[in-house]
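Observations on the model geometry
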Amino acid sequence: MANRIGRLLPLSFISFCFCVGISIGIFVRFGQVQRSQAATSEEAIPLLPAYQPEYTPLPTFEEPESDYITIQAVGDVIPGTNYPNNRLPRDRNQLIPKSVRAYLQRADLLLGNLETSLTTYPYSSKDINKGQIFAFRSPPAYAQLFADVGFDVFNMANNHALDFGKAGFRDTVNNLAAVGIETLGHKNQILYKQVRNVPVAMIGFTTYDIYNSMHDLEKAKALVEEARANANLVIISMQAGAEGTGAMHVKNQTEYFYGEDRGNSMKFARSMIDAGADLVIGHGPHVPRAMEIYKGKLIAYSLGNFLGYRTLSTKDETGYSMILEAKMNSYGELVGSKIIPVRMSRQGIPHIDQRFTTVSLLRYLNKNAFPDKPMKINKKGEIVLANIK
């Protein structure tokens, strides 16, 4: 009996070890699968399900979607400042959340209006001790943030690009170029780009002579005509108009802000279309403004603020923002367009707005600016192009 028990004990011990080994292997494998699934879910950037509109195509044009160029534009961009005091986030990546990036990275061409200097130059060209005078300076490393988000071009023709003089301006242009972002608005400049093998020309205008000036209308027309002769698609960026919630309504007249002539944005934009432009995008008023289809071309008179970390006001309509998306064919014709609504947080960080507040505001502004024939935007933010000539 003792010999039999002695023979069974080693066999039982071997069986026990075999079972334990299998159990440990299953447990380890299960843990690896769980960690893998968790990593996948953390890295994914899902699109928000509440906003999945379809485009409204022109009824006379049929072309595979692969032949469209998707152009996106956002409004005024200031990613915080370290002058005269530090108003920067701990992590620059929080400035543009992943939910917003998921939309922006769908663009073939992404444009914004940069109202800061990416420089370490210590001396501002402005006396900020005077009332309503502001100077913004952001770290040069923030250029990489914009590259990571997907920006291709920044307009520099505005009233803050020279906050730190020509040295700061030059630093900004060079720092953006180092990460592959081109700049727009230089005097007499036409920026040519190949976008999905389509020649695209871009010109930036504002009301200051150091840039391409809106006040010299004949010179502006000549630039557009030259661009039209060398590209299939011509895009205009203009900084124009008064600022703030009292300046939301665009009118066909010259606007003034603190006594400064800020141009007639309606006359200028339409003149650019007449000269051969295909798309006009407005910046500067820090609030959204109306849009119109003029001779079959889209004019957005102001996209409002987009990013203004602890610098731009987000009170009332100054916090309503958007991503304007326009689909163009290779001939410069507008095929579809929509408003992706954005709401800025109190700190000036953009978030996708599930309430579509900006869409409602634009529908109101369009009726006010163009009561006889307002451009239609449906509740999903799609710009209705059918039957528009």
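In this text, all values refer to a predicted model and were calculated from it rather than measured experimentally.

Here is what the cut-offs are and how they apply
Residues numbered from 1 in each chain as written. Predicted model: local features only at pLDDT ≥ 70, side-chain atom pairs only at ≥ 80, totals over all residues. Heavy atoms only, no water. Helix = DSSP H or I, 4+ residues; strand = E, 2+ residues; numbered from the N terminus. Buried < 20%, exposed > 50% of the residue type's maximum accessible area, 1.4 Å probe, protein only. Areas by Shrake-Rupley, 256 points an atom, 1.4 Å probe, with all protein chains shown as cover. Arc of directions from axis to C-beta. Salt bridge = Lys/Arg side-chain N within 4 Å of Asp/Glu carboxyl O. Expected span 1.5 Å × (residues − 1). Contact = heavy atoms within 4.5 Å.

Take the overall build of the protein chain next. Regarding its fold elements, the protein chain presents seven helices and 19 strands. In the protein chain, buried positions account for 53% of the 389 residues. Per element, the accessible surface of the protein chain, about 18400 Å² overall, is 52% carbon and sulfur.

With that out of the way, let us pick up helix α3 (residues 142-149). Side chains of residues three or four places apart in an α-helix project in the same direction, reflecting 3.6 residues per turn. For α3, the full list of buried residues reads Y142, A143, L145, F146 and V149. Buried residues in α3, looked at end-on, bunch into an arc of 155°, giving them a common side. Looking one or two residues past α3, G150 carries a phi angle of roughly 120°, positive in sign.

This brings us to the pattern of salt bridges. Following the criterion strictly, the structure yields 13 salt bridges and no others. One salt bridge connects K126 with D163, and the closest N-O pair in it is separated by 2.7 Å. In this pair, K126 is assigned in the loop between β3 (117-118) and β4 (137-138) and D163 in the loop between β5 (153-155) and α4 (165-177), connecting sequence segments 37 residues apart. With a relative accessible area of 0%, D163 lands in the buried category. With a shortest N-O distance of 2.8 Å, R228 and D278 are connected by a salt bridge. Of this pair, R228 sits in helix α5 (residues 217-230) while D278 sits in the loop between α6 (265-275) and β12 (279-283); the two residues are 50 residues apart in sequence, bridging distant segments of the chain. Residue R228 is classed as partly exposed on the basis of its relative accessible area, which comes to 28%. Relative accessible area serves as the criterion here: at 2%, D278 is assigned to the buried category. Several salt bridges share partner residues, and in doing so they unite R106, E325 and K338 into one network.

The end-to-end C-alpha distance of α4 is 18 Å, a good match for the 18 Å that 13 residues give at a rise of 1.5 Å each. Turning to α4, its buried residues number three or more, namely G165, A167, G168, F169, T172, V173 and L176. Residues of α4 that are buried make contact with β2 (109-114), β3, α3, β5 and β6 (182-184).

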